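These are the residues of each chain, in order.
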Amino acid sequence: MPETPLPAIRSLPSWLLGRAAARGRALVAEALAAQDMRMWHHVVLSAVRDLAPVAQADLGRGIRLDPKDLVGILNDLQTAGLVVREPDPRDRRKNAVSLTPRGARLLERCEKAARAANDELLAPLSADEREQFTAMLLRISETA
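What counts and what doesn't
- Residues numbered from 1 in each chain as written.
- Predicted model: local features only at pLDDT ≥ 70, side-chain atom pairs only at ≥ 80, totals over all residues.
- Heavy atoms only, no water.
- Helix = DSSP H or I, 4+ residues; strand = E, 2+ residues; numbered from the N terminus.
- Areas by Shrake-Rupley, 256 points an atom, 1.4 Å probe, with all protein chains shown as cover.
- Pairing = 2+ DSSP bridges.
- Salt bridge = Lys/Arg side-chain N within 4 Å of Asp/Glu carboxyl O.
- Buried < 20%, exposed > 50% of the residue type's maximum accessible area, 1.4 Å probe, protein only.

J.: What is the right way to look at the overall build of the chain in this model?
T.: Broken down by element type, the chain carries seven helices and three strands. For the chain, the α and β elements follow one another from N to C terminus as α-α-α-β-α-α-β-β-α-α. Expressed along its principal axes, the backbone C-alpha trace of the chain runs to roughly 65 × 30 × 30 Å. When the accessible area of the chain is evaluated, it comes to approximately 10000 Å², of which 57% is carbon and sulfur surface.

Have a look at this one:
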């Protein structure tokens with residue numbers, strides 16, 4: 001059997017994390033697609049639920065999404081009846097975004113699907129290993 005190409009690169013933690021992340025994103029994207037949801041739409045919907053009512057500009061900053069991209073996603077979500085944009089009661093010049101009951105129900109299904117996809121990703125690990133792995137990832141990602 002031939003040696004795996006690029007062994008020096010493929011043994012780097014950054015390479016391995018990238019591969020694991022790509023697999024995780026693919027699993028979650030597939031699970032969300034089954035709910036007619038895209039990744040960034042799911043992120044925005046989740047953030048709206050957690051922050052609502054939230055000014056549109058604050059929402060974009062909170063999830064680090066370009067305002068032009070956020071507007072398109074919010075347009076999609078509003079057209080689907082998942083969020084509403086209304087004048088912000090604290091500053092009528094701004095839009096505040098809130099989740100609709102339909103959006104809350106879809107978000108619940110999407111979160112369940114995303115958890116199942118993550119369970120599939122981490123299936124090779126024991127429960128203790130999952131906890132340790134997640135704690136290590138948090139430590140690594142918090143240094144950025």
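Back to the write-up after that little detour.
J.: How do you make sense of the pairing of strand β2 (residues 83-88) when you look at a structure like this?
T.: One face of the sheet, then the other: side chains in a regular strand alternate in exactly this way. Where β2 and strand β3 (residues 91-99) come together, six bridges link them in antiparallel fashion. Counterpart to E86 in the pairing with β3 is A96. Between β2 and β3, which pair antiparallel in sequence order, lie two residues.

J.: How should I be thinking about the sheet that holds β3 in this particular structure?
T.: Within a sheet, each strand pairs with its neighbour through backbone hydrogen bonds, oriented either parallel or antiparallel. Taken in spatial order, the three strands line up as β1-β3-β2 in an open sheet, and their pairing is antiparallel. Of all strands in the sheet, those bounded by a partner on one side alone are β1 (54-55) and β2.

J.: Got a minute to help me understand the pattern of salt bridges in this structure?
T.: Pairs may arise between side chains of opposite charge once their charged atoms sit close together. One pass over the full model with this rule turns up seven salt bridges. D76 is paired through a salt bridge with R38; the nearest N and O atoms lie 3.3 Å apart. You can see D76 sitting in helix α5 (residues 67-79) and its partner R38 sitting in the loop between α2 (13-33) and α3 (39-51), a full 38 residues away along the chain. Accessibility expressed as a relative area gives 35% for D76, which makes it partly exposed. Between R61 and D58 there is a salt bridge, with its nearest N and O atoms 2.4 Å apart. Here R61 and its partner D58 are both found in helix α4 (residues 56-63), three residues apart, which amounts to about one turn of the helix. Of the residues examined, R61 reaches a relative accessible area of 57% and is grouped as exposed.

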